[in-house]
Amino acid sequence: MQAAAPKGDYWSRNAADVMADLGTSPRGLSAAEAAERLRRHGQNTVEDQSRVSALRLLLRQVQSPLVLILVFGAAISLFVRDWGDASIILIVVFGSTLLGFTQEYRASAAVAELRQRIALSARVIRDGAAQTVPASSIVPGDVVLLSAGNLVPADGLLLEAKDFFVVEASLTGESFPVEKRPGLAVTDAALLARTNSVFLGTSVRSGTASVLVVETGRRTVFGNIAARIAAQAPETEFARGVRQFGYLLLQVMIVMVLFVLTINQVLGRPTIESLLFAVALAVGLSPELLPAIVSVTLSAGARAMARKHVIVRRLDAIENLGSIDVLCTDKTGTLTEGVIALTGVVDPDGRPSSEAQRLAFLNASLETGIENPLDAAIVAAGEKLGLSTAGQRKIDEIPYDFSRKRLTIVTTDESDPGKHLIVTKGAFDNVLATCTMVSRGDVESALAQAERERLEEYFRQKGAEGFRVLAIATKRVEAKPHYERDDERGMSFVGFLLFSDPPKRGIEKTIRDLAGLGIRIKIISGDNRYVTAHLAASIGLDPKSMLTGKEIADLKDESLWHLADRTDLFVEVDPQQKERIVRALQQVGHAVGYLGDGINDAPALHAADVGISVDQAVDVARESAEIILLKPDLDVLRGGVEDGRRTFANTLKYISITTSANFGNMVSMALMTPFLPFFPLAAKQILLNNFLSDLPSVAISTDNVDPQRIASAQRWSVRDVRSFMVVFGLISTIFDLLTFGVLLGVYGADQPNFQTAWFMVSLLTEVAVVLVLRTQAAALSSRPSALLFWISAVIAGLTFAIPYSGPLASAFSFVPLPPGLLGVIVLIVIAYVLVTETAKVWFYARLNRSRRAVTEPD
């Protein structure tokens, strides 16, 4: 079926006309037609999040400034017809590029696979039946079914709607939900005035609707905005640290290259050779595999976390997850079993009430808003008793919202169509506020103050016993077509609904384990103070360390900053207060993780340093989060935190160790250049050294991590990396200078012997230092991963083999060394390892003292 493009002002036209233009019907598209339209229109995505193509990834490697510097050096060699050096430089370029490409391609594949596991889906009507499809496969002409908690997957026109409220803050800035109904809007209606349309990027707060999809992907309103501003996700602390580190390297590189060029020109050395040497120094200082190493380490961490049921939506979030020291969470399903059961339905006197149960069943069965476990428990209990909605016809619904905290259903009995029954269910205080009467069976009486206080006392008592308590109220009214919130008044209190949700087995140990990782648990809940305090006491949190939503509303920001850090329980809070609590904790220096799965959690998930949700969460919560738990279990999250810290530690190892070793060696060559009649190493030898020393770094992502580095949050610090680079780089320089002295003063080495011996010392010390500095503990007491150890061993073996390899040795101007000199090289490397091990103890003791001085109060 060939569909015409709908006019741009579809909101001002009848739905039937737009449907005809799109070549569809209320029965939706056929599967074959949907597939053809997907091929024609493309995927329903604003950003291209597909797996990066191999060609694009290869071009990214070639576009690296360091690779371009090497290509520039090769071009110089070709210009002066030095075919040997040009070939060697190009081979090194090819090897480094291929290594980086291989690692990043594997990382890209892993991330694409993980994203596929948590891709958004939507319910559509195809071939006349409702079915679930990936949101990216939605096409113009599809009929989409929406309900509370869904993200709107495309722009479209309402066909049907019932109590349908949508949050459009991402497009209009309007924070309050907007009601949407089928109908017509004027042609030039502003976005906010198109009340018959919905738009990609908005979310459903309550109600249900069917929508005719008109625009998808970049052709949507949201897609047009995104294309114009080319918005990127905010830079994480980790990404910011890598960028600042790059600036540091650039500064050092410029100073060193200018120094070497100037000295060589003063000494009258050949310009081309001097330029090649300076280029090699610049490349030698830089960790050119950093992008590949970061990608492979983070993706390896993401795969490890996925095996433990933690999915990472953004790789940068791994470091953020590892850095949290406060975790805010609701209680249901994370601290409790999440299996809510209706254990009692009682009248105002606390006696079992079949009438209250019947009314609660009607309310829960007929509501079309947010799916929730409380309503599921009411329906399940009612069905066991044989209750049904037969004979009842739903007239209207006043949806739940987070200010009223109640939901109302209006029904009519077929035997009395002139009367309507209003049934309200919700939080006890909010339902009681609507009541002026109290009902006991068929007898209604005025709700006196004494009676009100007695009901409040019963509510407190049951909450203190661990029950979650809702209230039910009702009244009969004369029939009318539509009901509003003002109709929730003059109600008659019918009874209480008592729910149980016991603490999750083993949760006390999990909380202790998180405390051992330096992470405090704070409960942020909309539930009442009594049941939350009961749960807190049973799982080891302080039930008296509490702030209520009302108290928070009365606090200035500065006061909340002071109190939030000392409070364990935030109860009876609304969604905006959840976000305010998160920001207060951040204000006093905490890295905050927020775990939530509901519509009301979205603002706090956005505000947190790392938003965490569960696979079963509503769309808007899941899309607001960076980490997705496949099980709503804090112990799963604990494993994710440990993996996050392990991944960050290994990434930092590569950066710190490689730059310190390279820095030391390059400083040595720069310092010795004026005093030697030849270059300490030829440009091709520097590049080979740099390439071989990088190979063990590829295995760092698999390395073991010291327990103490997992036990506390790790934060990126360019200052610490700079200190590490200078201290251990200068130790390397001292031993390089010692090597120079031995080679020249003791052995009187000529250029081939000098360069061969120093190449070996330089490469062996770089390999050895990886095994020494990979741990803050004694090197022999901390076992490296098998892959890291064996790659290091192979490179060490190659270091001794290359000078004796014939053609390869000749290509790089190496010569065999006498046994005595080989013995001296081994002794120098052993001495270097011992001194570095000693310096490591001093360095970390000093670093830890300075960190304690910063964090401990005076």
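Residues numbered from 1 in each chain as written. Predicted model: local features only at pLDDT ≥ 70, side-chain atom pairs only at ≥ 80, totals over all residues. Heavy atoms only, no water.

A. Seen up close, the overall build of the protein chain. Counting secondary structure elements, the protein chain contains 30 helices and 23 strands. Counting across all 858 residues of the protein chain, residues that qualify as buried make up 54%. Long-range contacts, defined as pairs at least 24 residues apart, comprise 73% of the intrachain contacts of the protein chain with a sequence gap of at least 6. (Helix = DSSP H or I, 4+ residues; strand = E, 2+ residues; numbered from the N terminus. Buried < 20%, exposed > 50% of the residue type's maximum accessible area, 1.4 Å probe, protein only. Contact = heavy atoms within 4.5 Å.)

B. The arrangement of the sheet that holds strand β21 (residues 592-595) in detail. Spatially, β8-β23-β22-β21-β9-β18-β20-β19 is the arrangement adopted by the 8 strands of the open sheet, whose pairing is mixed. Each of the sheet's edge strands pairs with one partner strand only, and the pair in question is β8 (310-312) and β19 (546-548). Strand-to-strand twist across the sheet, computed as the mean angle between neighbouring axes with direction ignored, equals 20°. (Pairing = 2+ DSSP bridges. Axes fitted to C-alpha atoms, helices over the stretch in contact; angles between N-to-C directions.)

C. A look at a nonpolar patch on the surface. Taken together, the side chains of Phe800, Val826, Leu827, Ile830 and Leu834 make up a nonpolar region of the molecular surface, amounting to roughly 450 Å² of accessible area. Within the secondary structure, Leu834 is located in helix α30 (residues 819-855). According to the relative accessible area criterion, Leu834 is exposed, its value standing at 55%. (Patch = residues over 30% accessible without salt bridge, like charges linked within 9 Å, V, L, I, M, F, W, Y side chains within 5 Å. Areas by Shrake-Rupley, 256 points an atom, 1.4 Å probe, with all protein chains shown as cover. Salt bridge = Lys/Arg side-chain N within 4 Å of Asp/Glu carboxyl O.)

D. Layout of unusual backbone geometry. Of note, Lys405 is a non-glycine position whose phi angle comes to about 55°, a positive value. Relative to the helices and strands, Lys405 resides in the loop between β11 (392-398) and β12 (406-413). Phi at Ser813 is positive, roughly 65°, even though this residue is not glycine.

E. Local environment of the environment of Thr187. In this fold, Thr187 is placed in the loop between β5 (178-179) and β6 (197-198). Residues Thr187 and Tyr10 lie 177 residues apart in sequence; the distance between their C-alpha atoms is 8.3 Å. In contact with Thr187, other than residues within four places in its own chain, are Asp9, Trp11 and Ser12.

F. Seen up close, the nonpolar core. In terms of nonpolar packing, the biggest core is built from 64 residues, with Phe754 and Phe759 touching the most fellow members. For this core, the secondary structure elements donating two or more residues are α8 (237-266), α23 (634-672), α24 (683-698), α26 (718-746), α27 (751-773), α28 (786-801) and α30. When residues in this core are grouped by element, the largest group, 13 residues, is from α27. Aside from chain neighbours lying at most four places away, what touches Phe754 is Leu676, Phe678, Pro680, Phe740, Leu743, Leu744 and Ala749. In this structure, Ile552, Leu569, Val582 and Val610 belong to the second largest nonpolar core, which totals 58 residues. (Core = buried A, V, L, I, M, F, W, Y, C linked by side-chain atoms within 4.5 Å.)

G. Fine view of the environment of Ile422. Assignment of secondary structure puts Ile422 in strand β13 (residues 419-427). When the C-alpha positions of Ile422 and Thr411 are compared, they lie 6.7 Å apart, and in sequence the two are 11 residues distant. Not counting residues up to four positions away in its chain, the partners in contact with Ile422 are Thr408, Ile409, Val410, Ala473, Thr474, Lys475, Val477, Tyr483, Asp487 and Met491.

H. Inspection of the packing of α24 against α27 at higher detail. Put simply, α24 and α27 touch, their axes get as near as 10 Å, and they point 20° apart. Accordingly, the angle class assigned to the pair α24 and α27 is roughly parallel. Classified by chirality, the crossing of α27 by α24 is right-handed. Here Gln685, Leu688, Asn689, Leu692 and Ser693 of α24 lie close against α27, whose contacting residues are Gln755, Phe759, Ser762, Leu763 and Glu766. For the contact of α24 with α27, the class distribution of residues is 4 nonpolar, 5 polar and 1 charged. (Parallel < 35°, antiparallel > 145°, perpendicular 65-115°, else oblique. Left-handed = near helix turned anticlockwise from the far one by under 90°. Nonpolar A, V, L, I, M, F, W, Y, C, P; charged D, E, K, R; others polar.)

I. How the structure looks around the pairing of strand β9 (residues 326-329). Alternating residues of β9 divide into Val326 and Cys328 and Leu327 and Thr329, and every residue in both groups is buried. Pairing of β9 with strand β18 (residues 520-524) involves 4 bridges; the strand directions are parallel. Each residue of the ladder has a partner; that of Thr329, found in β18, is Ile523.

J. Up close: a positive patch on the surface. Positive charge collects at one region of the surface, where Arg719, Arg722, Arg846 and Arg849 lie side by side. The set of elements that each furnish at least two residues to the positive patch consists of α26 and α30. The residue Arg722 is located in helix α26 in this model. For Arg722, a relative accessible area of 38% gives the class partly exposed. (Lys, Arg positive; Asp, Glu negative; His and termini not counted. Charge placed at Lys NZ, Arg CZ, Asp CG, Glu CD.)

K. Summary view of the packing of aromatic side chains. Tallying each qualifying case throughout the model produces 17 aromatic pairs. Residues Phe428 and Phe459 carry aromatic rings whose centres are separated by 4.5 Å and whose planes lie at 15° to one another, so their mutual orientation is stacked. Here the residue Phe428 occupies a position in helix α14 (residues 428-432), and Phe459 occupies one in helix α15 (residues 449-464), the gap between them amounting to 31 residues. Assessed through its relative accessible area of 6%, Phe459 is described here as buried. On the numbers, 5.4 Å between centres and 65° between planes, the contact of Phe728 with Phe843 is edge-to-face. Within this pair, whereas Phe728 is found in helix α26, its partner Phe843 is found in helix α30, the two being separated by 115 residues in sequence. Overall, the relative accessible area of 2% leaves Phe728 in the buried class. One aromatic cluster is present, formed by Phe428, Tyr458, Phe459, Phe493, Phe496 and Tyr530 through successive ring pairs. The residue whose ring lies beneath Arg194 is Trp11, and the NZ or CZ to ring-centre distance is 3.7 Å. (Phe/Tyr/Trp six-rings, centres within 6.5 Å; stacked < 30°, edge-to-face > 60°. Lys NZ or Arg CZ within 6 Å of the ring centre and 35° of its normal.)

L. Geometry of α27. Spanning 23 residues, α27 covers 32 Å between terminal C-alpha atoms, matching the ideal 33 Å at 1.5 Å per step. In terms of residue burial, α27 counts as a mostly covered element, since 19 of its 23 residues are buried. (Expected span 1.5 Å × (residues − 1).)

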